[in-house]
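Chains, contacts and geometry: an overview
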Amino acid sequence: MKCFGCGATDHVWYDKTAKAIVSPKKNDPGILANADKEFEAFKARIKTNSKKHCARRSSGGGNSNTSSKPVNLSDFESETQARIKKQCFASQVHNTPPKGGGGGPRVLHL
């Protein structure tokens with residue numbers, strides 16, 4: 001992170017917790033104008049990146065290992081089906097709630 005006002009990396013312009021400008025140069029008019037300009041540019045970058053991210057997610061792009069399209073187990077060969085069932089069962093067993101602790105039984109739907 002860097003200061004929107006002076007560009008220094010040893011502090012930030014605004015502290016969310018304190019809800020106050022914390023830059024040591026906060027009273028300098030040139031720094032204040034620069035901070036306004038940099039903050040607007042920051043918001044524009046966030047908006048652009050958000051749109052790109054949403055476009056990637058809706059198109060199924062990106063580097064996600066999961067598919068948004070449903071897959072039928074019957075589409076696979078029998079050996080692959082057996083391996084998938086074994087992996088699903090193993091993941092369900094490892095994710096069971098502790099004894100006496102809520103959640104109820106886990107059910108594997110294949």
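Right, let's walk through the structure included here. Predicted model, so just to flag it, every value in this text is computed and none were measured.

Scanning the chain for helices and strands turns up two helices and two strands. Traced from its N-terminal end to its C-terminal end, the chain shows the element sequence β-β-α-α. Each of the 110 residues in the chain was classed as buried or not, and the buried ones make up 9%. Taking all contacts inside the chain whose residues are at least 6 apart in sequence as the whole, residues at least 24 apart take part in 20%. Carbon and sulfur atoms make up 54% of the accessible area of the chain, which totals about 9,400 Å².

Under the counting rule described, the total for this entry stands at one salt bridge. One salt bridge in this structure joins lysine 43 and glutamate 40, with 3.2 Å as the shortest N-O distance. Of this pair, lysine 43 and glutamate 40 are both found in helix 1 (residues 29-59), three residues apart, which corresponds to roughly one turn of the helix. A relative accessible area of 46% means that glutamate 40 is categorised as partly exposed.

Take the environment of tyrosine 14 next. Structurally, tyrosine 14 is set in strand 1 (residues 14-15). On the basis of relative accessibility, which here comes to 42%, the residue tyrosine 14 falls in the partly exposed class. Along the primary structure tyrosine 14 and phenylalanine 4 are separated by 10 residues, whereas in three dimensions their C-alpha atoms are 8.5 Å apart. In this structure, tyrosine 14 is in contact with Lys19, Ala20, Ile21 and Val22, ignoring residues within four places of it in sequence.

Counting five residues, the largest nonpolar core is built from Cys3, Phe4, Trp13, Ile31 and Ala35. Contacts of alanine 35, omitting those with residues within four sequence positions, involve Phe4, Gly5 and Trp13.

This part covers the side chain of serine 23. Mapped onto the fold, serine 23 is located in the loop between strand 2 (20-21) and helix 1. In this structure serine 23 comes out as buried when scored by relative accessible area, which is 1%. A distance of 3.4 Å separates the side chain of serine 23 from the side chain of histidine 11, its partner in a polar contact. The residues contacting serine 23, other than those within four sequence positions of it, are Cys3, Cys6, His11, Val12 and Trp13.

Procedures and definitions
- Residues numbered from 1 in each chain as written.
- Predicted model: local features only at pLDDT ≥ 70, side-chain atom pairs only at ≥ 80, totals over all residues.
- Heavy atoms only, no water.
- Helix = DSSP H or I, 4+ residues; strand = E, 2+ residues; numbered from the N terminus.
- Buried < 20%, exposed > 50% of the residue type's maximum accessible area, 1.4 Å probe, protein only.
- Contact = heavy atoms within 4.5 Å.
- Areas by Shrake-Rupley, 256 points an atom, 1.4 Å probe, with all protein chains shown as cover.
- Salt bridge = Lys/Arg side-chain N within 4 Å of Asp/Glu carboxyl O.
- Core = buried A, V, L, I, M, F, W, Y, C linked by side-chain atoms within 4.5 Å.
- Polar contact = N/O pair within 3.5 Å; in protein donor to acceptor, adjacent residues only side chain to side chain.

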